[in-house]
Every structure is written in structure tokens, then in C-alpha cells.
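# Chain and residue survey
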Amino acid sequence: MACLLETPIRMSVLSEVTASSRHYVDRLFDPDPQKVLQGVIDMKNAVIGNNKQKANLIVLGAVPRLLYLLQQETSSTELKTECAVVLGSLAMGTENNVKSLLDCHIIPALLQGLLSSDLKFIEACLRCLRTIFTSPVTPEELLYTGPDHQTILFNHGAVQNIAHLLTSVSYKVRMQALKCFSVLAFENPQVSMTLVNVLVDGELLPQIFVKMLQRDKPIEMQLTSAKCLTYMCRAGAIRTDDNCIVLKTLPCLVRMCSKERLLEERVEGAETLAYLIEPDVELQRIASITDHLIAMLADYFKYPSSVSAITDIKRLDHDLKHAHELRQAAFKLYASLGANDEDIRKKIIETENMMDRIVTGLSESSVKVRLAAVRCLHSLSRSVQQLRTSFQDHAVWKPLMKVLQNAPDEILVVASSMLCNLLLEFSPSKEPILESGAVELLCGLTQSENPALRVNGIWALMNMAFQAEQKIKADILRSLSTEQLFRLLSDSDLNVLMKTLGLLRNLLSTRPHIDKIMSTHGKQIMQAVTLILEGEHNIEVKEQTLCILANIADGTTAKELIMTNDDILQKIKYYMGHSHVKLQLAAMVCISNLVWNEEEGSQERQDKLRDMGIVDILHKLSQSPDSNLCDKAKTALQQYLA
Amino acid sequence: MGIGLSAQGVNMNRLPGWDKHSYGYHGDDGHSFCSSGTGQPYGPTFTTGDVIGCCVNLINNTCFYTKNGHSLGIAFTDLPPNLYPTVGLQTPGEVVDANFGQHPFVFDIEDYMREWRTKIQAQIDRFPIGDREGEWQTMIQKMVSSYLVHHGYCATAEAFARSTDQTVLEELASIKNRQRIQKLVLAGRMGEAIETTQQLYPSLLERNPNLLFTLKVRQFIEMVNGTDSEVRCLGGRSPKSQDSYPVSPRPFSSPSMSPSHGMNIHNLASGKGSTAHFSGFEGCSNGVISNKAHPAYCHSKHQSSNLNVPELNSINMSRSQQVNNFTSNDVDMETDHYSNGVGETSSNGFLNGSSKHDHEMEDCDTEMEVDSSQLRRQLCGGSQAAIERMIHFGRELQAMSEQLRRECGKNTVNKKMLKDAFSLLAYSDPWNSPVGNQLDPIQREPVCSALNSAILETHNLPKQPPLALAMGQATQCLGLMARSGIGSCAFATVEDYLH
């Protein structure tokens, strides 16, 4: 009964409360049910639109009594209904009123009321529930308990029950039903698969949705039905090349992005379209040519417009409110459009100052806009040509490095992924990024809890080490530390392991680098290699590890680390006879490097390996049906002949 | 290949878009050419197998293209009128299939049109009206009220004026007078209508001799019909039993709907009561099958035509010939109709010939139903005296026509009117004759409205109610828009707004 006595101040107000308020409450306790009913009805009339009266009655403890009457078996339905109406009226008041009602556990009482057989009582309970749940002070969890509400609703036959409402004569009902479906279908293959086969008045649901996105229908209806179809398509229930997607949903969503639409509609349209075309290059191509979409999106950056600032304060306010939303929606859609097609990326970048806009977006205060801008750039950074040109011209790396300094994980994942692209060897941004302390930053990422960030960190380091100069490699090794390297080699995430091996391989390339690194870290690296070759790993991991060994074998002094390690030599021998050609090849490269002529001590190495029976294996492999393997074996054997 | 639009006279040897008054979208570079040799980046390139659509919007004078059913966005704005679809081919051996709608378009043009129809209708619905509060409403109320007053719906007009706080421009008595006259006209009681008009508005018809003539011609027709008061009293029938003015199914153009309604019910009741008097004629009306009654029917006809011969001769030789034919052929209906056919144009003859059989069939099939209508289909109500009166009246009318011609000069309208009216007598069954539509009660409406307008004019009130004027104006306006090439008129019709 927390609502009864809240604060002393309330109590002092109470002293001023007129006797009439108390009279209303007193009447609820009358032994005559008929008088109680009349009392509730009078109370109803007294509280309508009167916030003060509502507060008074709450303070005087009317709520618990009303709830008691509402739940009492012996109460007449009429009385119950009137109680629910009064409670609904009280909920219409201030937020404090709603809090007080919640404190009295009104929700379960009203939900219980829904089980009644009396329609009027149910309606009153529903009205009251709606008022309470539309209040910002009500936590949603009170109603939704499970994690998967879609499934709960689905399992309770929501689809069939809502479907027939789509043909209701009332526009409002049709609209609400449509909204329900858009929420139910979102990222839910089970619901979506069911929806495509639902018949309403002999028509399939997708056909009904298509009718609802006809151009003479209200915009809200067009947009929501386009959402339904989009979600069903993304959930795999409708093919991406289905006419209802290609010729109906997609064009409808493009129209929603047009200048003629309201700002809110344009945001929703662009976001939904971005979601629809994200995984499908054909849809991306169609969208890119439809109604000058790419140019149309450029208008999303023109809010608040200079005109609105001068002429109309109200409009300026409206524009400002939506400016962020518009920008992030445009970025998202550009990101989807440019996800796969080089020509589309080029078209986007060639759109008026688009690179400037995206780069500016990287440093916006709104996380949503920053994230979308990074996504957009990431999508565009998949283009080799753009990396070499626009990305360099606009010094994209600078704001990107800034974003990486301090950002939520969400942004970091995309930004670091983009950094990977910018660190590719052909990217002119590689140099300046290194100079701005990227090594430290990336090494930091490899220690993240988030596997996606660890992958991106090590991936970027791998790209960075590719054909890099000695100094950079040394920096990476120093910064990362061998301990961390080992940790990454035993990472639970396969991607992390693969990229770490890739990093090692890139570090161990060109003879002087190999010798240098092996002279300082040889012991640890050999240990790691042994460990992986002995561990339970898939073919790709083992292949990558054997390639590392092959690189080591290419060193001048580093060779000796293998030659003196009989354990490793036995392992190489084993893999030469492995059933998997890839592993045989990698092991063969290793041997080839070890027996290579014209190098100091080649004779000794050849002898040792022959003693191990390697030559016999080479002879066998030179008869192999695999031409690659056969060639490699012959080359190695030739070293013995020379 | 270039696809686009050209005005008349543009050089057909060049791709559309390159020259003045020509517009095009070129497949090789995807550019649009707006009367210029240099193109603008517009859309994707297109090639073999692609379906390119070109849509001109005559409402906003823009043009957009489609590729394989996908709209590429607006290519040209501010297009001039009268452009022709144009395809320019440059490469030898190029082939193009043109579809002007004979096959369904790949692009959903219907949906596009739906959007524009909705837009235009929204534009009409949201048309800004008077700023000052209540002004619009007052104007609408005035329009409704004046319409009610004009057509003499007194009680409704009065009630409407009361509930909307308006004053009725015309005195109630005056409205009632007009209504009385209108009722008479619409009931076919022309003689009384003329008389009442002369009583209430003494100089009105004197000043409008043409109107008087029109009224008298109508009176003659009603006499033939047997509805005019003068012949009715001679026929000895209950005067109201002949009144067959139906409830008009046209809600707007018929001003008489509500006044005539009450009368109709009344007539039906009295009509039933009066059938007993004419039981003898009932058989006669079914004369086509009943031999007994047939001679009686023809006899009266016979007489009337004989009497008419000289007069009709003066009007139309061939008609009198027909009547003569009829008299000589006596009861042979078929021959009668056949000779009619000869006298008339061939198409009429054909109609006559075939319609006769139709009616016979109808009579057989629906004997009971047609009874009452057959009852009325007696020349002048079937009374000999009435026929004589009608003949006499016809002579007077002829004289009046001649006098009018002398005083006011030739009037082709009047001449035709009279000729058509007299033609009724040339047929054994005027109601089913080629000129029979004159007997249709609906023909009373224009006469009624002409008389009503004339009375209103003498009161310095508008000849037409503002509501009808506004409707006419809107209709004319749409026609003018169509002629001027303003496309939005295609999506607006006055009928859409008359519920």
C-alpha cells in the first residue's frame, strides 16, 4: 500500500481536501452493493478531467478498495466495469497517478479481468491497461516476461487472429494489424514462413500487403506493408527476386525516400530499404538506378536548411530534431548500396561532396550517426580503386583513428574492420596510419573481450605486417609481446587463430627479417608451431602453420632452428605423407627450402634429411598424380643431383 | 539508340534529344538529351533485351523513363505540349519493338496513375476556401437554399432557412404560386398551367409569345396524351386518373422529383378506383389480340384522321398520305406500319416494322402488367368529344404559328416543334411511334423549367439556380481544361462529387 502514505507534504494537502473526496471513498465501503455501485459511478463523474480530485482520491486510498471490488467474485459485472473505468480515469492523470496505480499492483488485477466473459468489462480493463502502458513511467517488462515475445504471440495464434483484421472496414484496425505483422515478422523465420501461406478472404497475405502498398493508399500504410514484405524477405520467406519485392516493395521504399515525404517517413524508408537490399547485390543494383536514389539521399544532409533557419523557428526545431536521424539513415542506405558493386560505390563517392559528408559524420557527437558513417565508409573501403584515390584525398584515416581512440564496441568493430582495409599493402593510407600509433591501438584491440574486436585487431596487424619493413615488424612484435601472441594462438575463436598465424607468416618473410626475428623470438615461435601441429586443428590451421615453417626454413640462420629440432623434422616428414594434398605441399615447400643448393651447409642438411628417409618420400611423391606435388618433389630431388 | 519525344517538324534523321523541341535518353551512355548535343548523366545504359519505357506526365509536364519496369526518375521538366513518341536508331540492323499499351507494360503504370488520381482529388478536396470564418458555409447554404426556392420546394426551403438562419429571397406566396404552376405542367395539365400563369403573372406570356407557343404546343401534346384538363373533362374520367408523371430516376437534373412524388401515389390510388369505368376499354387496349374490341379502337382513330386530313396536308404531304393509307387499310395494322416505314426514313421503317412484333409479344406475355398503361393509350383519352376538341385546338395552334411568323419572323424551332407535335396524329399508336417520345412525361421538364425561369426573371431572380450554374461552370471548366491540354482534368469529373 505504498500509494497510501507517500510524504508528509501530501498529508498536509490532505487536510485541505474537502469532505466530498472523503465521502466518495467512504461510500465504497457501504454494505449495500447497490450503494457501492452508485458511489463508484458518482466517483467516475467526479474525477473526469479533474487532476486534483484524482490525486485526492488516490491519497485517500481509493485505489486498493477499487481493485478489491474489481477482483471480488461477489461484485456484479457492472460494478467491476465501473471500477475499471474509474481506475482508467485515474491513470489518465499525472505520471504520479500511474506510479501509484502500479504500486498497488493494478496490472495483474486488470489482466485477470481480461479473462471475464463480459465484453464491456474487458474493454474497460483494456482501456485502462493501454493508458498505463502508454505512460513513460511504466516498465514494459511488466507485460512482457519472456525473451521472445514474437514466439509467444505466434504460439497463441496471433497470426490467424490478426490476419482477418487486415480486411476490416476500419482503417485504424487495418493499420494496427499491419503494424503487428511488421513487428511479428522482424528477423523471425518461423513467423515469416507462416505468414506467406496465410489466406485471408481467399488471398495470400503477401498479395494483401502488395495491395496495401499501392500508391493511392495512405503513406503510413504503404510504408508499413513494405516493412512487412521486407522483413519476410530478410527472414527467407520471400525470395529476393520475387516480383513483389523487386517491382513493388523496393520501388515503394525508394519513393518513401523522396523529398515529398515527411522527414520521419524518409528516415524509415531509407532504413528499411537499407535492410532489404543489404545481402543482395541485384537488389542493390536495381535500387541504385531507381528514381535517382543516390542523388535523392544527398538531400538528407540538407537539414536544417538555411531557409528554415531564417523563416520559421518551429520548422528549424523540427529539422534539427530529425537532422541526425536523416543523416544516419542515409549513411546506412549508402552502406547497403555500396556493399558489393564497384560502380555503385563510385557513383556514391561522386555524389556532391559525399566523401566530405561521410568523413564529417565520423566525428559527429551522435553515436548513431558515427556508427552509420563508419559503416558507410567501411562498405566503400572494399573498393581497391577508392582506397587509392578518394580515401587518400580525403585523409579518411585521420578521423578514423580518432574514432578508434574512444568509442563504444559497436563502432569499434566496424571501424577496426575498415582499418584492416586501409592497411592493405596497396593502400596509400598505410604509412600515415602507422605513424599515428596504430600498432599500439591494434595490439590493444587483440586483448578485447569481444572476439570480433580481437579478430579485427589481429587482422589489421596481419595486413600491416604484409611486406612491411623490418622496423614495423619489430614494432608489432614488441608491442604485441610474445605472451599475447601465444594467448592468441590458443584463442577459442578460429578466426583469431588463423589471422594470428597469418601475422606470423607475414612477419617471417624475406630472409633478413626471418633471421632477425628468429634470432630473438626463435625459441618461442618454434614452441608455438610445435604446439599447433600437435593440437587438434583443422586443415587450414595446420597448412598455415606449415607455411610458417617453410618461411623459417627459408632463413639463413633460422634454418638451423628446424634442422636441430628432430621433433619438428619428424612432423614435417609426417605431413609429407598426409592424405591432404594442401598439407603435403606445404611440408614439401619446407623441405625444398631446407635442401636448397648454393646455400651454406646445404650438403649437411641434404644428408641429414636423406638419413631420415625424406628422399624416398620425395621419389614416391614425384610419381604423384597431383602435378603440383609432383613438380615440387622433382625440384627438391634435383637439389640432391647438383 | 535513343528513345524520347519530338515536336512536329523535328529532323527525323537524328537521334531524339539532339535538336530543338526534341528530348531523348540514349542507350550507349545512359545520358539524357534535352534539345542539346551534350547530354546529362541520367540513368544506366541500355542494350539488347532491355525494356525501356518513356512516360510523359501531362499534369506536371515532366517525363521519366523506366528500365525493365524500374522507374529511373524524372528526366525532363517543363515539356511543351504536342510531343510525339520518337525512337532514333543509329546502328545498322538495330531493331526495336514498340508497345503503346497494346500489351501490358512492364512498369506498373496503373499504380502510377492511381497516385496521381489521388493527388488531384486531394488537391480538389483541400482547395483553399474563403479565409473569413463561416463565409464558405454561408455560401453553401445559400446555394442549397436558392436551389430549393428555385424549384419551389417550399416546405424544405422554409425548414432549411429556419435551421440555417437564412432569409428566403422570394416571398413564400410567390414560391407557392410557382410550385402550383410547375405541378400543373409536370402533371400534363397544360391548359390549367397556362391559365394560372396568366392569372398570377398577367403580362408574362404576352411578353413571351414564343414561350406561350411552346406551352400551347405542349398542351396539344398533352391533349393527344389525354392528360390535358380540357380533354380530360370531356372524356368524363376522373381527371387525376390520367396523370402518369413518373418519379424521375435522375436525382439532380429533375427538379420535379419531390413535388411529383406525392401526386404519384395519389394517382395510383385513384387510378385503381377508376378502372371499373373503363372495363370496356380494357379489352380494347389489348386490341391487338382481342378482335372484338379492335374495331372500336380503330373507329375512333379512323374518325380522327379523317378530320385531320386537310390540316395535316398543309403541314406535310407524306403524312397525310400515311393517314389516308391508314384509313383505307382500316384495321390492317401491319400494313399500316409498313406504309409508315415507307413514308419515314428507312431506319424508322425498320424500327416500326420490328417494334410492332415486339409489342405484340409484350402484350401477350405481360397482359396483366400493361393493362393500366394500355388504358391510357387512347387518343385524347378515348373520348370523341375530346378528339374534336384536340383537332380544334390544333387548328388554333396552326393559326397562332402563322401569326407568330408574321409578327416575329421565321422561327425554325417553333416550326419543328409544331411539326413534331402534329406528327403524333399520323400514327395509330402515337406512343409507339418514332415521334412518340414527345408523349413521355419527362418531356414536360424542359417546358416546366423554361416557364419557371421566365417567372423568376420577372422577379429579377436568376433564371438558373446558382447550384446548377456552378455545376455547369465546373463541367465547362473541365472541358476547357481538356481543350487547353491541362492534364489534371482527366482525373476529375463533376459526377464524382454528386453523391
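The shown structure was predicted, so the numbers you read here are calculated from the model rather than taken from an experiment.

## Side note on the state of the cysteines
Residues and elements named next belong to chain A.
- Going through the model one piece at a time under the given rule, you end up with zero disulfides over all chains.
- Here C180 stays unpaired: no disulfide links it, and the sulfur of C228, its closest cysteine neighbor, is 9.6 Å away.
- On the basis of relative accessibility, which here comes to 34%, the residue C180 falls in the partly exposed class.

## Let's talk about the sheet that holds strand β6 (residues 62-67) of chain B
Residues and elements named next belong to chain B.
- The sheet built from three strands is open, its strands ordered β5-β6-β7 with antiparallel pairing. The sheet is open, and its two edges are formed by β5 (52-57) and β7 (70-76), each paired on a single side. Each neighbouring strand pair of the sheet contributes to a mean axis angle of 25°, computed without reference to strand direction.
- When β6 meets β7, the two strands line up antiparallel, connected through four bridges. Paired with F64 across the bridge in β7 is I74.

## Some remarks on a nonpolar patch on the surface
Residue and element names in this part refer to chain B.
- Together, F127, I129, W136, M139, I140 and V144 make up a nonpolar patch on the protein surface, roughly 540 Å² of accessible area in all.
- Residue placement: I129 occurs in the loop between α1 (109-125) and α2 (135-150).
- Overall, the relative accessible area of 37% leaves I129 in the partly exposed class.

## Some thoughts on the interface of chain A and chain B
- Opposite the 13 residues of chain A that make contact, chain B presents 17 residues.
- A combined buried area of about 1300 Å² lies between chain A and chain B, and 49% of that area is made up of carbon and sulfur atoms.
- Seen at the junction of chain A and chain B, the total is four salt bridges.
- Salt-bridge contacts for K248(A) lead to D108(B); the nearest nitrogen and oxygen are separated by 2.5 Å.
- Taken together, chain A and chain B are joined by eight residue pairs in polar contact (both at pLDDT 80 or more).

## So, the side chain of Q214(A)
- Within the fold, Q214(A) resides in the loop between α14 (205-212) and α15 (219-234).
- At a separation of 3.5 Å, a polar atom in the side chain of Q214(A) contacts the side chain of R114(B).
- Setting aside its immediate chain neighbours within four residues, Q214(A) contacts Q222(A), D111(B) and R114(B).

## Considerations on the pattern of salt bridges
- The tally for this structure, following the rule as stated, stands at 41 salt bridges over all chains.
- In this structure, K571(A) engages E534(A) in a salt bridge whose closest nitrogen and oxygen atoms are separated by 2.6 Å. With K571(A) in helix α38 (residues 566-576) and E534(A) in helix α35 (residues 511-534), this pair connects stretches of sequence that are 37 residues apart.
- Classification of K571(A) as buried rests on a relative accessible area of 12%.
- With a closest N to O distance of 3.0 Å, R14(B) and D19(B) form a salt bridge.
- Residue R14(B) is classed as partly exposed on the basis of its relative accessible area, which comes to 37%.
- A single network of salt bridges, built from pairs that share partners, joins R215(A), E260(A), E115(B) and K119(B).

## What about the packing of aromatic side chains?
- Counted by the stated rule, this structure contains 16 aromatic pairs over all chains.
- Ring centres of F186(A) and Y231(A) lie 4.7 Å apart, and the angle between their planes is 65°; this geometry places the pair in the edge-to-face category. In this pair, F186(A) sits in the loop between α12 (171-185) and α13 (189-195) while Y231(A) sits in helix α15, placing the two residues 45 residues apart along the sequence.
- Feature note: the residues Y23(B), Y25(B), Y42(B), F46(B), Y65(B) and F76(B) constitute an aromatic cluster, connected by ring pairs.
- We note R234(A) situated over the ring of Y275(A); from NZ or CZ to the ring centre the distance is 4.3 Å.
- In this arrangement the basic side chain of K499(A) is found over the ring face of W459(A), its NZ or CZ atom lying 4.3 Å from the centre.

## Some words on the side chain of S145(B)
Residue and element names in this part refer to chain B.
- Relative to the assigned elements, S145 resides in helix α2.
- On the accessibility criterion, S145 (6% relative accessible area) is buried.
- Ignoring sequence-local partners within four residues, the contact set of S145 consists of F160 and Q166.

## Some words on a positive patch on the surface
All names here are of chain B.
- Together, R405, R406, K410, K415 and K419 make up a region of like positive charge exposed at the surface.
- Elements with a minimum of two residues in the positive patch: α16 (384-408) and α17 (412-423).
- Within the secondary structure layout, K419 lies in helix α17.
- The class for K419 is partly exposed, based on a relative accessible area of 39%.

## Considering the UniProt feature "repeat: ARM" (unreviewed entry) in chain A
- The sites that UniProt annotates as "repeat: ARM" (unreviewed entry) are residues 61-97 of chain A.
- The span residues 61-97 of chain A is 76% helical and 0% strand by assignment, and the distance between its end C-alpha atoms comes to 12 Å.

Definitions and limits used
Residues numbered from 1 in each chain as written. Chains lettered and ligands numbered in written order. Predicted model: local features only at pLDDT ≥ 70, side-chain atom pairs only at ≥ 80, totals over all residues. Heavy atoms only, no water. Disulfide = S-S within 2.5 Å. Buried < 20%, exposed > 50% of the residue type's maximum accessible area, 1.4 Å probe, protein only. Pairing = 2+ DSSP bridges. Helix = DSSP H or I, 4+ residues; strand = E, 2+ residues; numbered from the N terminus. Axes fitted to C-alpha atoms, helices over the stretch in contact; angles between N-to-C directions. Patch = residues over 30% accessible without salt bridge, like charges linked within 9 Å, V, L, I, M, F, W, Y side chains within 5 Å. Areas by Shrake-Rupley, 256 points an atom, 1.4 Å probe, with all protein chains shown as cover. Salt bridge = Lys/Arg side-chain N within 4 Å of Asp/Glu carboxyl O. Contact = heavy atoms within 4.5 Å. Buried area = accessible area lost by both parts, 1.4 Å probe. Polar contact = N/O pair within 3.5 Å; in protein donor to acceptor, adjacent residues only side chain to side chain. Phe/Tyr/Trp six-rings, centres within 6.5 Å; stacked < 30°, edge-to-face > 60°. Lys NZ or Arg CZ within 6 Å of the ring centre and 35° of its normal. Lys, Arg positive; Asp, Glu negative; His and termini not counted. Charge placed at Lys NZ, Arg CZ, Asp CG, Glu CD. UniProt positions renumbered as here; feature names shortened; annotations may be inferred.

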